[in-house]
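Spelled out from the first residue to the last, the chains are:
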Amino acid sequence: AIPGQADPGSGLTALTYPDPLAGYAMTPHAYFRSAAGTLAQTYLGRAGRTTQTLAGQPEPGSALAATTVASTRVGPAVFYFNAAGLLSQSDGQGTKWVTSTLSAGPRTAAAGSLALAGTSAGFSVFYLSAPGTITVATYNGHGWAVTSIASRYGVAAAGPLSAITGSIGCACRAAHSLTN
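Now for a description of the structure that goes with this document. Here the structure is a predicted model, which is why all the values come from computation and not from measurement.

Let us now look at the overall build of the protein. When helices and strands are tallied, the protein shows zero helices and 14 strands. Helices and strands in the protein line up, N terminus first, as β-β-β-β-β-β-β-β-β-β-β-β-β-β. Counting only residues that meet the buried cut, the protein has 46% of its 180 residues in that class. Considering only intrachain contacts with a sequence separation of at least 6, the fraction spanning at least 24 residues in the protein is 39%. Summing over all exposed atoms, the protein offers an accessible surface of approximately 8900 Å²; the carbon and sulfur share of this is 55%.

Here it is, written out as structure tokens:
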């Protein structure tokens, strides 16, 4: 069994990267909302499986998405929604984690819908905001840009969300259940 007590209904995401805490070995990390309400991770360290409480408090039921994008000099970074429904990020900076809230973006309409696509220039985080609208927050290495994408077909009120990176390195639009 892997140590760490996840909150029932917690989002879960995983990421593998060369971890300095494990001698730069490619190490899988699982990120989740702990039973105490904080962001947590579990990973295979030098002394076996380790669970660590991280900075940040995802709202109950929040989806989680994680990335390391070398060109942005951040990472790992875990995205989620805080108790106010705002997109937040906990960013690993050496041995400590720092939390920030992307206050320029609108609140989420569905905390369980969150997707991330990385590119050579940065990454984009997609989520559902106002009814019928997908919001994309893009980090380009210098700051965040937030835009809304409305569909002429409408966007379902809740459900899964996914994003892909295209062959030309752009973060392609999020795919979501559309209404007829």
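Moving on, we come to the packing of aromatic side chains. Throughout the structure, instances matching the rule amount to seven aromatic pairs. Ring geometry for phenylalanine 123 against tryptophan 144: centres 5.7 Å apart, planes inclined by 75°, an arrangement best described as edge-to-face. Here phenylalanine 123 is found in strand S10 (residues 122-128), whereas its partner tryptophan 144 is found in strand S12 (residues 144-150), with 21 residues between them in sequence. Since its relative accessible area comes to 30%, tryptophan 144 is described here as partly exposed. Pairing tyrosine 139 with tryptophan 144 gives two aromatic rings, centres 5.3 Å apart and planes at 55°, and the pair type is tilted. Ring-pair connections join several aromatic residues into one group, and the members of that group are Phe79, Phe123, Tyr139 and Trp144.

Where strands meet in a sheet, backbone hydrogen bonds hold them as pairs that are either parallel or antiparallel. On the basis of which strands lie adjacent, the open sheet formed by four strands has the order S9-S10-S11-S12 and antiparallel pairing. The sheet terminates laterally at strand S9 (114-119) and S12, the two strands that pair on one side only. When strand polarity is set aside, the average angle formed by the axes of neighbouring strands in this sheet is 20°. Direction of pairing for S10 relative to strand S11 (residues 133-139): antiparallel, over a ladder of six bridges. Across the sheet, the residue bridging to valine 125 is alanine 137, located in S11.

What counts and how
- Residues numbered from 1 in each chain as written.
- Predicted model: local features only at pLDDT ≥ 70, side-chain atom pairs only at ≥ 80, totals over all residues.
- Heavy atoms only, no water.
- Helix = DSSP H or I, 4+ residues; strand = E, 2+ residues; numbered from the N terminus.
- Buried < 20%, exposed > 50% of the residue type's maximum accessible area, 1.4 Å probe, protein only.
- Contact = heavy atoms within 4.5 Å.
- Areas by Shrake-Rupley, 256 points an atom, 1.4 Å probe, with all protein chains shown as cover.
- Phe/Tyr/Trp six-rings, centres within 6.5 Å; stacked < 30°, edge-to-face > 60°.
- Pairing = 2+ DSSP bridges.
- Axes fitted to C-alpha atoms, helices over the stretch in contact; angles between N-to-C directions.

Interpretation note: all reported values are geometric properties and have no functional meaning in isolation.
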